[in-house]
Structure formats: C-alpha cells, structure tokens
Amino acid sequence: EAQEDEKKSEQQPVAVDVADKRVKAQQAAEKQEEKKEHMPDDQSDSKEDDSKADKTTTLPAKEEGSKAKEVEKQPVEKTINANTTPEPKQVAKKVDDKIEPGSVAHKSKQDDEEAGSVPRKSKQGEAPADEPDVDGKDSEATVTDESGTTQVATSPRPVEQPETDGDDDKQQDGGDKSHKWFLSKSTETADDKVDAGSKAVSKSRWYTDADADSQGETKEAAAADEVKEADSKCSPLGASCNATKCCRDPGFQCYAKDSGWAECRASCIPGPDPRGIDGGPWSCEKLGKRAEGDLPECGKAGQNCATSKCCAASGRQCYEKVPGFATCKIKCTPGMDMTDVDSTPWTCKQLGSRTPDLAKWVYQKCAAPGMSCQKKACCTNPGEQCFTKDPYYAECKEECPEGWDCKTIGQRTPFPAPKPWEIPEGKVASWVADECSGSGEACLSSGCCSSAGERCFAKNETWAVCRASCTAGLDLYDADPSPWSCEALGPRTPGAVDATALEPWKRGANVSDWVAETCGKTFSTNCAASGCCRDVGKQCFEKNEFWATCRASCLPGPEPGDEGNWTCKALGPRTLRPWGKPSLYCLAVVQPFNYEPGLVKAQAEKGVGIFGCDQYSVFSTKKFYIADGPLGPVNTHTFVPAAVTQSKDNTAGNAELFMHVWDSVRNLGLFQDADWTIKVDPDAVLLADRLRWHLKPHTGKKGYIVNCAKPYMPEGPMMFGALEAITGPAIQTYFERAGECVGGLPWQQWGEDLFMGKCLEKLGAARLNDFHIYSDGVCRGVDCGDPDAAAFHPKKDIASWMACWNQTHYPHPRVTTQAPQWFKDYMKSYAR
C-alpha cells in the first residue's frame, strides 16, 4: 500500500490546501523572527533559507503509507524571507532553475508566457509589461526536478519597507524611491487550477509606491464607473423600460401599459392617458424598483424649470434664458423678449422634452358631458374628472357632487395647449420705451424698437431702421436706391402696427422719384440692370442672363410667340399702388367646378370687383390658379369643406362651411392692416371707391353694416351675405372669441350671414345701418344705375356682370323720396 501511494504521489501534482499553506507560511515567518532576535546583526539567515529551499525533497520509496500521505499533504515549500527584498531577477532565476528544458512544466511555462498569463523575465529594476492583476494571495509554481518529483514554490506578499534616507534608497535600488519595484505575492485563481495532466503556473505583478498611494482613488473611480454603467443600462424618459425594468432619471418608476410597452413615469393612474398617442388603457404595473433620488417638480407658468427640465402644462417646452434660469413657453425666439422684466437676451436652449398636448382621440373616445364614464374612464371636456355616483354609475364633472361616492376613475382631462392665434402677445415691458429706438429711427446700437409691430431691420453694416416690414433688395420708397439686406437685428415689438408705421403704400404713399427714371417699362425695356418697374402691379422677371422685363406674372419655360425659355426669376420688388382711405381687404369664396371661377377670372384680369380693393383673396376647397391680377398672379387659398344643408329660411344652411372660411382668413392674416374686411359673393358687382364713401363715417368703430331692410323678414333688417362689411376691431374680436358663438348659438339651421350678424352682436359689435350701400334683387331689387349703391347682386355670368359694371359709370339722377309711415314703424320695431 505504501508503494502504491508513493507511485501515485510521483504521478500526480501534490495538492495544497490554501488555508494550511497560509498557516505554515505564517509559522515560518514567526520562526525567522525568533532566530533573528537571537542572532548577531552581521549574520543573515536569508542565504541559509535560500540554500535549504534549493534542495530537492523526495518522498522515500519504502516509507509506510501513512508517512507518504503525510508528505503528500505537506509539500516542501520554497519561501523567501519576508524581511528581505530579493532582486527580482534572482527570484525568477531560482524558479527557472528547477524547470528542466523539455519537461512538461517547461513547455507549460513557455505556453503561458506566450499567452501572457506569466510575466516574462525582465531586466533588474524594470516592470514586466501587461502583467495580470493579483489580489495579494500567496502564488504557487509547481516545478519538477530531474527525478520527476513535484514541488510547490510560493512567493510571500512583499512587506513595504520603512522610509529611509535618500542615500539608503539609492544604495539599495540605484534610483529614486518612487521607482522602487516590489514582487507581490501571487494569487491562486480559478485560472491557475488545471486538470491532472497540466501544471499550474504562478502569476506575479510589479508595483510602485505611486501605485500604492493611488489605490483609494482608483477604487472610488471604479465605483463611479460601476454606477455610471448601471445607469446606462436603465431606460431614459420616453423610451420603453419593458426590458430594463429600471429608469435612468432620479425618482422615476417603470410602469407597464400592457405586455408590449412600459415607460418611466413619475406616477401612473390605471386607464387611458389623455396625452398618450392612443386610447389604450394603462395597467400601471410596477416593473422593478423606483430610481433613487427626488422626483423633479415640473415648472408652471413663470417658474424656473432649469433644474426639473419639464413643464406641467400641455404643449409647453422648458426654454433657457441664461444658464441657471429657464421657464416654460409655447415658443421661444432667441434674443430679447419685449415682455420680459429686462433686456437680457434668451438663448432659447431647449431643456428636456416638450410636454405632450391633449390627444385628438380624447374627443372621439372619451365620455361627453351627461354620459356614463364608468367604462370609458376618461372625459372629453378639459378639466373634468370621472366620478362615481354609486357602484353602477359614473359621470364626468369638474367637482364631485355632494352625496356621490366620489371615487375617481382614470385621469382628469388636462387643458390643451393654446393655438398660435390664442396666445396673447403680452404687455410690452417698461424698459422698452427707454432702451429701444422709435419708429423710423436708427436702431443699429439698440437692436429693438419701441413702436408696436415694428422691428429693427438693417440696410447694410452701417445703417438700420425701425420699420413694420422689410423685403431684401430695392426699396422703391427709399430716397437712396441702394439695396437693403433686411437682416432682423432684434425681435418684433408686440402689438398692432400703428397707422403711421405701416408700409409706405399702406399709408397711401407713392414710390420715390428715381423709380420713374431708373426702372423699366412693361414688356418694352430691359430691367435686368435696374431690377424694378415703374408701372403699378408689375415686377421684373428674368428670361436669361441677358434679358428681363416688367410683367404681372411669369411661368418658367417657353411662351407663345417668343423664342427660348424663361427662368422667371424675380429680380426685384413688385410696384404696388397706394392704399385708399379707408383701406379695404376683400375676399370671395368660389366653388371650383361651376361658373364662379370663370366669372372671378374676368374680374381679376380687368382689375375690378374685389380686385379693386387694397388687398384681396379668393378662397375655395381646391387650390388653383385664377388669373393675373393687379397685384400679380391670383391663386386660391383653401379651407376645410363642410356639408351645406337647408336653412330655416329655405336658403343655404352654410354656417359651418363659412366658419371654416373665416378660419382660413384668420390664418392668412391679411385682414390685420386693413380698416375693413369685406366678404363679397362672386356674382356681386363691387365698386371699391363707392364703398369707401359709405364706410368712412364708421371706420374705427366696433361694428358691422346692416344693409337690407326688406319688409317683414322674421329676423328684421339684417346683413345680407352678398356684401358683408365688418370693421377691423369687430373682425378681430370675432377671431378671438368665435368659440363663444359656436357653443352659444343655435346656428345649425342658419345661413352664414345670419350667423355672422348674430355672433358679432353677441360679442358686442354694433349694428351700423346703411340701406343705400347695397342694391340686391333678393332684398329690394337690383338697379345698376343707382348712384349710391356700392354693390349690385346677382349677376351670374360674365356678360351681365360686365354690363352692370359699365352701367355704374352712367348712373341715373338721385331721387329723394320720403319713406312711408309703415316702413318707419317697421324699422322702429326692429331697432336694437
């Protein structure tokens, strides 16, 4: 049995118990200390220990089995005196001396050296490159001597030497102490353990004093990296956290909507989310833990959102003014804010994400007022919450009625973001009058204007002026013919443009004298050099680099009777006619597929009808080209169509359709600078100059013209739709408060003219009676020879329309008659 055990010990590596090995190493170190205390200082036991360690210990061949097993458990260790710092090259050599070239251990060592798991030999005082990390445990190297006996060599942890004089360091290391190298105790790792046919190889690492001093900082950096890595694995706001089940932002929790989607939120209420992309309900199941940290409180109006980077109200975005201060707005323009407390410019840097607006599906899927919301769990009206009355019924209310259960179902519906035209401009700050330039004044240094509606525009690097608008290039009203860059140097001052600050042609001004001398004539002269035209309504269009001429419009390509193609590049501004007093913005609505487009085309080419107004527009459900008008090509502006029913008066029930038309008028914005907005039917003959006579006394008031006093009408005298004249203040009020009429009037069976009259009165507009302004066959008859009427209706074909227009130039004498008493009584009964 002893011989069999001896053979097994020769064939297999000696197993070493790590715990026993550490105890033995400690005991050996204590014995060395005791010997050192009883020995003279000039004697050293390091050489003796080294010589003993060099001797090969073999197991006796004829020992009893118990002794062989004991040797197997206690392998001979080669130790290095812990109090002595050996030369690195010497230690490596002693280990290598025990490895016979060509042996299994030698080959294993070479393989490990090539793989980089064992440090290669280095010169004395140099650190081997790409050393593996160790954890400070004793390292082992199994070696085989010539007789095939396996031994285990261990390297104890190096003991840090006490500080000495610089000379001692130099004598010992031959250099500065910071470059002193120590051999660390190798670590037995999982990689060191191999199967019975392989040999474990020691690992070691070299350290400097500087490395030891920075270990604390390295651990802190490693911990920070671990936190950063963990955060990077979690989901940001807006992304799905279904897989990660954790949130990157402090205080947020991952909530599940359904099996396919989860999102990081501050909180979650089961049911539909009124700001979500669809009406699917949220389960609000918590996935994972809430992220550490405090939840940010999203900013409200006027609050600083620089820290939270979020906004509470729908459609708002957190915009930065300066680092450290930001607030929630619908929009932001970089630079000065004329309504802010000071003139410090805004960077308008977006912080965080914009708060989603109220979703459109809410109005179709959620419960309307008076309906049960128990199943739908959401409300159509903003500001309302679904409250339970009892276990069987729930309804949307702003506040829960007394006596109800008052349990909430779903979320309270948030208010939607305001539309652009619903956003108030705000009051101009007091500093504007002191720091900004006045109308027409130089503003190169101030960069802002004190007059409402104006902006600082640059002509060149040395000159800038406050004006209402600016188009790059020539300014036909400027005394200097050099072009303008029209670079905006600051924000537009809130408020309506004063009449004195309007563009020159809107004020009734004519072009400068140099226009007649320098600019080209229509179709007859080359305007390529001047880039301007002397005739009203014309603009300089390029054919090629050599030729351009003045014309009303231009379509790129070939033209009949002309050789070559036209580029039709506009080379300068259009020459505009001066506005009249009062100024008129006229509009017509045409159906795309009947006689109306042709009738309007004839008017545009002749420059009459609505095209005699200062500004004009044509609206239709389809976009198409009409003709060239006095101000250039006329194209239709579209609006959303609506069904036309029969009104209570057996006329067209088109109130909703014209609500959509007025929406488009508001969005186009041409009404803003005009004194009056005039809606005219395509088959009505309009005389713009006569119309001004009638409207001038009422200009500036808030009202509309009542133009028909047909006897015994159910509604009394009213505004007939063929000619609707509304003052600037009245139409502005309608655009601001039209919703009050839509929700507060029974308009579903009304015509559009009755709705507009009733709505304007509801909003405080005055009835301005003028029964001579209009000659209508539907009212009291049409007479194209009437010397007072400014409109004549109906004339549904081009021939009759033009004949009526020609007849207005030859009116019959004015006849003054006194109204009969019955008419006076009739008018008195409807006075309001």
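The rules behind each value
- Residues numbered from 1 in each chain as written.
- Predicted model: local features only at pLDDT ≥ 70, side-chain atom pairs only at ≥ 80, totals over all residues.
- Heavy atoms only, no water.
- Helix = DSSP H or I, 4+ residues; strand = E, 2+ residues; numbered from the N terminus.
- Buried < 20%, exposed > 50% of the residue type's maximum accessible area, 1.4 Å probe, protein only.
- Contact = heavy atoms within 4.5 Å.
- Areas by Shrake-Rupley, 256 points an atom, 1.4 Å probe, with all protein chains shown as cover.
- Pairing = 2+ DSSP bridges.
- Axes fitted to C-alpha atoms, helices over the stretch in contact; angles between N-to-C directions.
- Salt bridge = Lys/Arg side-chain N within 4 Å of Asp/Glu carboxyl O.
- Disulfide = S-S within 2.5 Å.
- Right-handed = clockwise from strand over helix to strand, strands pointing away.
- Core = buried A, V, L, I, M, F, W, Y, C linked by side-chain atoms within 4.5 Å.
- Phe/Tyr/Trp six-rings, centres within 6.5 Å; stacked < 30°, edge-to-face > 60°.
- Lys NZ or Arg CZ within 6 Å of the ring centre and 35° of its normal.
- Left-handed = near helix turned anticlockwise from the far one by under 90°.
- pLDDT = per-residue confidence, 0-100.

Asker: Go over the overall build of the chain with me, naming the residues and quoting the values.
Answerer: Of regular secondary structure, the chain possesses 19 helices and 38 strands. Within the chain, the fraction of its 832 residues that count as buried is 42%. If you take every contact in the chain between residues at least 6 apart in sequence, the share linking residues at least 24 apart comes to 59%. Carbon and sulfur atoms form 51% of the exposed surface of the chain, whose accessible area is close to 45,600 Å².

Asker: Which residues make up unusual backbone geometry, and what are the values?
Answerer: Note the cis peptide between Lys581 and Pro582, where omega equals -5°. Here Pro582 shows up in the loop between strand S24 (569–570) and strand S25 (584–589). At the junction of His793 and Pro794, the peptide bond is cis and its omega measures out at 0° in the coordinates. The residue Pro794 is located in the loop between strand S38 (791–793) and helix H18 (798–807) in this model. Phi is positive for Lys309, which is not a glycine, with a value near 55°. Along the chain, the position of Lys309 falls in the loop between strand S10 (285–287) and strand S11 (317–322). For Lys309, a relative accessible area of 40% corresponds to the partly exposed category. The backbone of Cys486 sits at a positive phi, close to 60°, despite the residue not being glycine. By secondary structure assignment, the location of Cys486 is in the loop between strand S18 (463–467) and strand S19 (487–488).

Asker: A description of the sheet that holds S10 should follow, citing residues and the corresponding values.
Answerer: If you walk across this open sheet you meet the 3 strands as S7-S6-S10, and the pairing is antiparallel. The two strands at the open ends of the sheet, each matched to only one other strand, are strand S7 (261–265) and S10. Ignoring strand direction, the axes of neighbouring strands in this sheet form an average angle of 40°.

Asker: An account of the pattern of salt bridges is requested, with residue identities and associated values reported.
Answerer: By the definition in use, this model includes 26 salt bridges. The closest approach of N and O atoms between Arg737 and Glu740, which form a salt bridge, is 2.9 Å. Taken together, the residues span about one helical turn, with Arg737 and Glu740 both in helix H16 (residues 728–744) at a distance of 3 residues. We classify Glu740 as partly exposed; its relative accessible area is 38%. Here the residues in one salt-bridge network are Lys679, Asp681, Glu724 and Glu752, joined through shared partners.

Asker: Could you give me a rundown of the state of the cysteines, with the residues and numbers involved?
Answerer: Across all of its chains, the model carries 24 disulfides by this definition. Between the sulfur of Cys443 and that of Cys456 lies a disulfide, 2.0 Å long from S to S. Since a negative S-S torsion denotes a left-handed disulfide, the Cys443-Cys456 link at about 90° is right-handed. Placement of the pair is Cys443 in the loop between helix H11 (431–435) and strand S17 (455–460) and Cys456 in strand S17, with a sequence separation of 13 residues.

Asker: Hey, could you go over the pairing of strand S26 (residues 615–620) for me, with residue numbers and the actual values?
Answerer: In terms of residue burial, S26 counts as a mostly covered element, since 6 of its 6 residues are buried. Because side chains alternate across S26, one face comprises the buried residues Gln615, Ser617 and Phe619, and the other comprises Tyr616, Val618 and Ser620, equally buried. Sheet analysis places S25 next to S26, joined by 5 bridges and oriented parallel. Bridge pairing links Leu587 to Ser617 in S26. Handedness of the S25-helix H13 (residues 596–606)-S26 crossover: right-handed.

Asker: Let's hear about the nonpolar core: which residues, and what values?
Answerer: Counting residues in hydrophobic clusters, the biggest one holds 75 residues, and the most contacted among them are Trp662, Tyr734 and Phe755. The contact partners of Phe755, leaving out residues within four places of it in the chain, are Ala655, Met659, Tyr734, Cys741, Leu745, Trp747 and Trp750. Residues Leu599, Ala602, Cys784 and Cys804 belong to the second largest nonpolar core, which totals 12 residues.

Asker: Please give an account of the packing of aromatic side chains that cites residues and values.
Answerer: Geometrically, a pair of aromatic rings is defined through the distance of the ring centres and the angle of the planes. In this structure the tally under the stated criterion is 7 aromatic pairs. Measuring from centroid to centroid gives 4.8 Å for Phe611 and Tyr616, while their planes differ by 70°, and the two rings are edge-to-face. Residue class for Phe611 comes out buried when judged on its relative accessible area of 0%. Residue classification places Tyr616 among the buried residues on the basis of a relative accessible area of 12%. With a centroid separation of 6.5 Å and 70° between ring planes, the pair formed by Trp662 and Tyr734 is classed as edge-to-face. Of the two residues, Trp662 sits in helix H14 (residues 655–668) while Tyr734 sits in helix H16, which places them 72 residues apart along the sequence. A cation over a ring is seen here: Arg467 above Trp484, with NZ or CZ 4.7 Å from the ring centre.

Asker: Please set out the packing of H13 against H18 residue by residue, giving values where relevant.
Answerer: With their axes 9 Å apart at the nearest point, H13 and H18 run at an angle of 40° to one another. Viewed along their axes, H13 and H18 form a crossing whose handedness is right-handed. In this structure, H13 contributes Gly598, Leu599, Ala602, Gln603 and Lys606 to the contact, and H18 contributes Ile798, Trp801, Met802 and Trp805.

Asker: Would you mind going over helix H17 (residues 752–762) in detail, with residue names and values included?
Answerer: Judged by how many residues are buried, H17 sits mostly within the fold: 8 of 11 residues are covered. Buried within H17 are the following residues: Glu752, Asp753, Leu754, Phe755, Met756, Gly757, Cys759 and Leu760. Contacts from the buried residues of H17 go to H14, strand S32 (676–680), strand S34 (703–706), strand S35 (723–727) and H16. Downstream of H17 by one or two residues, Gly764 has phi in the positive range, about 95°.

Asker: Can you explain the sheet that holds S11? Please cite residues and give values.
Answerer: Here we have 3 strands laid out as an open sheet, ordered S12-S11-S13, and antiparallel in their pairing. Each of the sheet's edge strands pairs with one partner strand only, and the pair in question is strand S12 (325–329) and strand S13 (349–351). When strand polarity is set aside, the average angle formed by the axes of neighbouring strands in this sheet is 45°. Taken together, the 3 bridges between S11 and S13 define a ladder with antiparallel strand orientation. Each residue of the ladder has a partner; that of Cys318, found in S13, is Leu351.

Asker: How would you explain the side chain of Thr808 if you had to name every residue and give the values?
Answerer: Relative to the elements of secondary structure, Thr808 occurs in the loop between H18 and helix H19 (821–829). With relative accessibility at 5%, the residue Thr808 sits in the buried group. Residues within four places of Thr808 in sequence aside, it is in contact with Leu687, Arg690, Cys784 and Phe792.

Asker: Go over the pairing of strand S20 (residues 539–542), please, and point to the residues and values.
Answerer: Each regular strand shows side chains that alternate between the opposite faces of the sheet. Here S20 shows two buried faces, one formed by Gln539 and Phe541 and the other by Cys540 and Glu542. Direction of pairing for S20 relative to strand S21 (residues 548–551): antiparallel, over a ladder of 4 bridges. In the sheet register, Glu542 faces S21, and the bridge partner there is Ala548. As defined by bridge partners, S20 adjoins S24 across 2 bridges and the pair is classed as antiparallel. Considered in S24, the bridge of Glu542 is made with Lys569.

Asker: Tell me what's going on with the confidence of the model for the chain, and back it up with residues and numbers.
Answerer: Per-residue confidence for the chain gives a mean pLDDT of 79, with 71% of residues at or over 70. Counting contacts from residues 40–213, a segment whose pLDDT is below 50, to residues more than four positions away or on other chains yields 238 contacts.

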